[in-house]
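For reference, the chains in residue letters:
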Amino acid sequence: MAPELRQRRHSAPRSEDEVHEDAKTSGSPRKRNGGGAKKTFLVDAPSKWRSFRTRAASAVVMIGGFCMFLALGHVPMVCMIFLIQGLMVRELFALAVEVRKEKDLPWFRLQQWYFYGSAVFFSYGRFLKAKVATQMMGNERGVGDARGHGHGGAGYSYSYGDAARAFGWWLAAHHALMSYLAWMFGFVVFVLSLRKGLYVYQFGQFAWTHMIIATVLMQSSCFVANVFEGLIWFVFPVFIVFFNDVAAYLCGFFFGRTPLIQISPKKTWEGFIGGFAITLAVSPLAAQWLQRYKWLVCPSTGPLTLIGGAATCEPDPLFMMTEVPVSSIVGGVEAVLGWMVPHGWVAHAARAVFGLETVRASWFQVHAMVLASFASLIAPFGGFFASGFKRAFKIKDFSDTIPGHGGITDRMDCQMVMAVFSHLYITNFIRQPGLMTIGQLLLKVELLPNEQVLELFKAVRNMLVARGLRVPA
């Protein structure tokens, strides 16, 4: 358990007025919350317009930075995700630090970052190793050239570059094992570093570190997978969560008076319901606008490039306009609402109100409404969880990195929930299971013994001949 969560035994109990006074006078970004303070909604807050201007200016800067990385392509977008993820981990690591005990453990903070690095290697490697394999295949020199100087042919000499590629193939094929051995090295170092009198603190930090890795890294890595499915599958879930947050904030700003949940006293039912309605209405329009751009729609199937990405491809029928049954559209919303409404009731009500059996739309717009429903009804509970977490630590924000918003973690709490859902939604309902990319297939081949690789080569060559294709020299 993190040290801040435990009550200090030798400190005198403090009144709620003293705690509230600390919140007003402290210059730290982690301001103490006053549990006994009177609830003030945004609609009644005297400084609401000043707060609104600060939040709006920060939002414009964040949107501008996001669009810059988006325009640069897939790899820069993954780098942005990695940067945000690292800043979140840094904020959360800092919560449980006790300076006095850290002085007796000079290398302990380095151990935390080592475990984080091992987890990054594992989680990012799951999505990137097939890309790297495709990249190495494209960089093979002299394969099937016009002079017939392929590998093993006349005039070919084995070089250091070939050795590096062979090691890269081996590392990519045994990525999971390498990840585990890297973590085990950190585990052994941790055990050897245990100090008498600090056991509880060290094991608490060990648990704290791995909880952060599980809740931040494993969830945000789903965004990396979405990026390579096509930038639109990353952009739309991020946008719709951000839009719902803004819509709920504005509805609560102007109309909110009914408290929604105790752990987040400024949240109101007016903001929650208004944000859901506006987000659901805007989602198909935003999806229609985004699906027009091929560079957003096309998945990243080729080798990785530092700048740019999949600019052209044959558009998936998913993004084509067609006649979609109304029952399919509202059925997705009904699936998100679950047991809250009777089965078929939403579809029946939609047909009775609008008198339509089909509408002209793309299936991506239908999926967009499902994602928007989740972003409005379920993802906000990631924010409520973070609010309860901060109350447990008696802090106002995780940091003051973003003026008017708090820390990076304060902005990404709902996004983490949406990252996992959007990834699972894509793998369950969008992409066909069992299909394998060239890179993934090559990694499987790397695990075969040489004799079976030769047999596979002969079988593929015969398959090419049977299809009437020219076998490369």
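Preceding this paragraph is the structure being described.
Residues numbered from 1 in each chain as written. Predicted model: local features only at pLDDT ≥ 70, side-chain atom pairs only at ≥ 80, totals over all residues. Heavy atoms only, no water.

**Looking at the overall build of the chain**
When helices and strands are counted, the chain shows 18 helices and four strands. When contacts within the chain are restricted to residue pairs at least 6 apart in sequence, those whose partners lie at least 24 apart make up 77%. Of the roughly 26600 Å² of accessible surface on the chain, a fraction of 66% belongs to carbon and sulfur atoms. (Helix = DSSP H or I, 4+ residues; strand = E, 2+ residues; numbered from the N terminus. Contact = heavy atoms within 4.5 Å. Areas by Shrake-Rupley, 256 points an atom, 1.4 Å probe, with all protein chains shown as cover.)

**Observations concerning the side chain of Ser376**
Note that Ser376 resides in helix α14 (residues 363-377). By relative accessible area, Ser376 is classed as buried at 1%. Only 3.1 Å separates the side chain of Ser376 from the side chain of Asn244, close enough to count as a polar contact. What Ser376 contacts, discounting residues up to four positions off in sequence, is Asn244, Phe272, Gly275, Phe276 and Thr279. (Buried < 20%, exposed > 50% of the residue type's maximum accessible area, 1.4 Å probe, protein only. Polar contact = N/O pair within 3.5 Å; in protein donor to acceptor, adjacent residues only side chain to side chain.)

**Quick look at the pairing of strand β2 (residues 264-268)**
Across two bridges, the pairing between strand β1 (residues 259-261) and β2 is antiparallel. The residue of β2 that forms the bridge with Pro259 is Thr268. Between β1 and β2, which follow one another and run antiparallel, lie two residues. (Pairing = 2+ DSSP bridges.)

**What to know about unusual backbone geometry**
Phi is positive for Lys394, close to 55°, though the residue is something other than glycine. Considering the arrangement of structural elements, one finds Lys394 in the loop between α15 (380-393) and α16 (408-430). Judged by relative accessible area, which is 38%, Lys394 ranks as partly exposed.

**Looking at the pattern of salt bridges**
Overall, the coordinates contain four salt bridges when judged by the stated rule. Linking Asp410 and Lys390 is a salt bridge whose minimum nitrogen-to-oxygen distance equals 2.7 Å. On the criterion of sequence distance, the pair formed by Asp410 in helix α16 and Lys390 in helix α15 is long-range, its members being 20 residues apart. Both residues of the pair, Asp410 and Lys390, count as buried. (Salt bridge = Lys/Arg side-chain N within 4 Å of Asp/Glu carboxyl O.)

**A word on the nonpolar core**
Counting residues in hydrophobic clusters, the biggest one holds 74 residues, and the most contacted among them are Phe234 and Phe236. For this core, the leading source of residues is helix α8 (residues 199-229), giving 13 residues. Of all hydrophobic cores here, the second largest spans five residues; its members include Phe276, Leu280, Met369 and Leu377. (Core = buried A, V, L, I, M, F, W, Y, C linked by side-chain atoms within 4.5 Å.)

**Digging into α14**
Its 15 residues give α14 an end-to-end C-alpha distance of 21 Å, which sits within 8% of 21 Å, the value for a rise of 1.5 Å per residue. Of all 15 residues in α14, 14 are buried, a share of seventy percent or more. (Expected span 1.5 Å × (residues − 1).)

**Examining a nonpolar patch on the surface**
Among the surface-exposed residues, Met68, Leu72, Leu306 and Ile307 lie close enough to one another that they form a single nonpolar patch of about 410 Å² accessible area. For Leu306, the position within the fold is in the loop between α11 (294-297) and β3 (321-325). (Patch = residues over 30% accessible without salt bridge, like charges linked within 9 Å, V, L, I, M, F, W, Y side chains within 5 Å.)

**A word on the environment of Gly230**
With respect to the element layout, Gly230 can be found in the loop between α8 and α9 (231-255). Taking the C-alpha atoms as reference points, Gly230 and Lys294, 64 residues apart in sequence, are found 9.5 Å from one another. The residues contacting Gly230, other than those within four sequence positions of it, are Leu296, Val297, Cys298 and Pro299.

The analysis is restricted to geometry; functional conclusions fall outside its scope.
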